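Commentary on secondary and tertiary structure
Below are the chains, spelled out letter by letter.
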Amino acid sequence: MLASLVIIVALVGNTMSPSSRLDVTTGFVDMGIVLGLYLFVGLTGVFSFGHVGFVAVGAYVSGVLAVPLASKELLYKDLPGSLGTTELDPLVAILVGAVAAAAVGALLAPALGRLSGLSAALATFAMLVIVHVIARNYEPVTRGTKGMLGVPMETTLWTSAAWALVILAVVYLFQNSRLGLQLRAAREDDVAATAVGIHVGRLRGVALVMSAFLVGLAGGVYGQQLGSFNPDVFYLDLTFLTLAMLVVGGINSLSGAVIGALVLSVMSQLLRDVESAVNRPGLTEVSFALITILILVLRPSGITGGKEIGLPPQLRNIRRRRSRSVETTG
Amino acid sequence: MERAVQLLIDAMSLGALYSLLALGIALLFGIMNLINFAYGELLMIGGYALVLLAATAVPLMLLGTFVVVVIAALLMDRIAFKPVRSADPTTLLITSFALSYLLQNVAIMVFGSLPRTTGAGSGLNHSFDIGGVAISRLDLTVIGVSTVLIAGLVVLIRRTSIGIQMRAAAEDFEMARLLGVNADRVIAVTFAIAGLLAGVAGFFLVARSGSVSPEFGVSAVLIAFIATIVGGLGSLPGAVLAGFSLGIVTVAFQELLPDGLVPYRDAFVFVIVLLTLVMRPQGLLPQRARMARV
């Protein structure tokens, strides 16, 4: 159901003008980030301000690996080790970037296993700041505030939609797997979950690494959409945007993550059109924030209220009946 | 020796400023479970008020600024947070994020995105010499005023009726309401006090930097957020302790790191923050009422 929604949006987006197609692409990248974020925040109930740090790791690592050798000699003269002489296929680079993001997640996992609530949120935020400071200052690799240049721009509307679908599928499978169910049980009541033998801290660590991997993927895709970017792309604004998408959609359901990303992307696009029509800079941001607040005031648990949307009941019944008949015959 | 004294004064001044910021956040967090990221925009509003009032006499300028910020804080509570008060903490958090974003962009629309310079408080930038140590008047003022404000807050919270109600509400909000504490009033008073602290802290920040920009409050509120959590999730003494510790750690890294690593100072500070959290997940001075009772 959600997957078909993504495909419909991609089809509609494909018919639009080039600049709108770019916005749709960004929307899909954001959706990928929000979905990866949901895998951790939604399933564990632990808030994270730091996932944009993983996005940054994904974008930078995959970016520096995918820059063509010719531009490396020109733009990145001081690359350490064999980095200066490697050029990976953009797709492979994205995967390596995601692995790097997962590795950073693995470093943070033991700490998060011990923390809960806002302390955990602060720990992830500390990670974001550390990544940001390194990206700003480690000039031989990241070019600091001058920004990365020459990253191949491989991301199109279709590839970004495909990545969003892949991430959606992974999150869906994980959510309904044994681990996902255990995590959700721990989210509702961690003491009871511990009592029935769920190792809450370790599970959270697993969720963090997985979600860092997915968000890192989205980061790599984003980097190859932008082509050039600086550390400030991956900081507080993107953190606010992705968290707002998740919370506005409804933090406790996968549908919420998808819908929140869609609604806020479309909204900011519409607002930008209005802004250029009436020519008042700043209008987009102001109305965007106002509408976000309004949605939260009217629906404090998000648009979906934590429920999943799925097939209409009639169709679902057919499926259930069929599976029941399989059980009885088997 | 002179260098050590100098650094100590720097650290105390920075720490006192951080404590003031942290107290504003911690007060609200204790009562509403709200990390108010829009607190930074109260600092910004204070900053712009100073810019606009810079031509007037100093007492009038300060008074005007404080009044503006307190009113802004009360409006913030009334318009944005009251409707979502019963929602869960994440919704509150995003509301405050969105509010902060909103106010920053309103400031861009009104004042433009470039920093506005102001001479407000520049009179404090003189320093005088004691035994080879240059002491700036600003540092002394920050330390003095912060101490007085913190002491005043302690008296208010310990001794007065509204203070006792605030503590009761922080301990168990539902119970306090059942016993006749007026929730709206307690929260409004808390916002007002936080607003006053923001006004003072905003003035010091302006006096330090000499300019105001729309993102003026962002880094300050992040510091305050860190101090509030590290201090012990809304524990007021914890917030003060953590604020001072952050100031000291920051100044220490600035001084002790080798030159090549100084740009990475904040990364090191945050590593310390992470380690502190791992070692003391409940914060430096945990509050008993907030511990899990299982």
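Look up a bit, the structure's there.
The paragraphs below set out a description of the structure included in this document.

About the cut-offs
- Residues numbered from 1 in each chain as written.
- Chains lettered and ligands numbered in written order.
- Predicted model: local features only at pLDDT ≥ 70, side-chain atom pairs only at ≥ 80, totals over all residues.
- Helix = DSSP H or I, 4+ residues; strand = E, 2+ residues; numbered from the N terminus.
- Rg over C-alpha atoms; globule rule 2.2 N^0.38 Å.
- Buried ≥ 20, exposed ≤ 12 C-beta atoms within 10 Å, placed from the backbone.
- Contact = placed C-beta atoms within 7 Å.
- Nonpolar A, V, L, I, M, F, W, Y, C, P; charged D, E, K, R; others polar.
- Axes fitted to C-alpha atoms, helices over the stretch in contact; angles between N-to-C directions.
- Parallel < 35°, antiparallel > 145°, perpendicular 65-115°, else oblique.
- Core = buried A, V, L, I, M, F, W, Y, C linked by C-beta atoms within 7 Å.
- Expected span 1.5 Å × (residues − 1).

1. Notes on the overall build of chain B
- Counting its secondary structure elements, chain B contains 11 helices and 4 strands.
- A compact globule built from 294 residues would reach a C-alpha radius of gyration of about 19 Å, and chain B, at 19 Å, matches this within 12%.
- By its C-alpha atoms, chain B is 60 × 45 × 35 Å across when sized along the principal axes.
- Looking at chain B residue by residue over its 294 residues, the buried ones come to 47%.
- Considering only residue pairs separated by 6 or more positions, chain B has 76% of its internal contacts joining residues 24 or more positions apart.

2. Focus: the interface of chain B and chain A
- Taken together, the contact between chain B and chain A spans 34 residues of the former and 31 residues of the latter.
- Elements with a minimum of two residues in the side of chain B that touches chain A: helix H4 (89-111), helix H9 (218-232) and helix H11 (265-279) of chain B.
- Looking at which element gives the most residues to the side of chain B that touches chain A, the answer is H4(B), with 13 residues.
- Here the residues of the side of chain B that touches chain A are counted per class, giving 29 nonpolar, 4 polar and 1 charged.

3. What about the packing of helix H8 (residues 157-175) of chain A against helix H11 (residues 200-226) of chain A?
Residues and elements named next belong to chain A.
- Contact geometry for H8 and H11: axes closest at 11 Å, N-to-C directions at 175 degrees. Relative to H11, the element H8 is oriented roughly antiparallel. Residues Ser160, Trp163, Ile167, Val170 and Phe174 of H8 form the contact with H11, whose own contacting residues are Met210, Leu214, Leu217, Ala218, Val221 and Gln225.
- Classifying every residue of the contact of H8 with H11 gives 9 nonpolar, 2 polar and no charged.

4. Structural notes on the nonpolar core
- Judged by nonpolar contacts, the single largest core of 197 residues is most densely connected at A:Ala123, A:Ala218, A:Ala244 and B:Ala22.
- When residues in this core are grouped by element, the largest group, 17 residues, is from helix H1 (residues 2-32) of chain B.
- Setting aside chain neighbours within four positions, we find B:Ala22 in contact with B:Ala224, B:Ala227, B:Thr228, B:Gly231, B:Ala239, B:Val240, B:Ala242 and B:Gly243.

5. Some points on H11(B)
- The end-to-end C-alpha distance of H11(B), which contains 15 residues, comes to 21 Å, matching closely the 21 Å that a straight helix rising 1.5 Å per residue would cover.
- Within the sequence span of H11(B), burial applies to B:Phe268, B:Val269, B:Phe270, B:Val273, B:Leu274, B:Thr276 and B:Leu277.
- On its buried side, H11(B) packs onto helix H5 (90-114) and helix H6 (117-137) of chain A together with H9 and helix H10 (236-256) of chain B.

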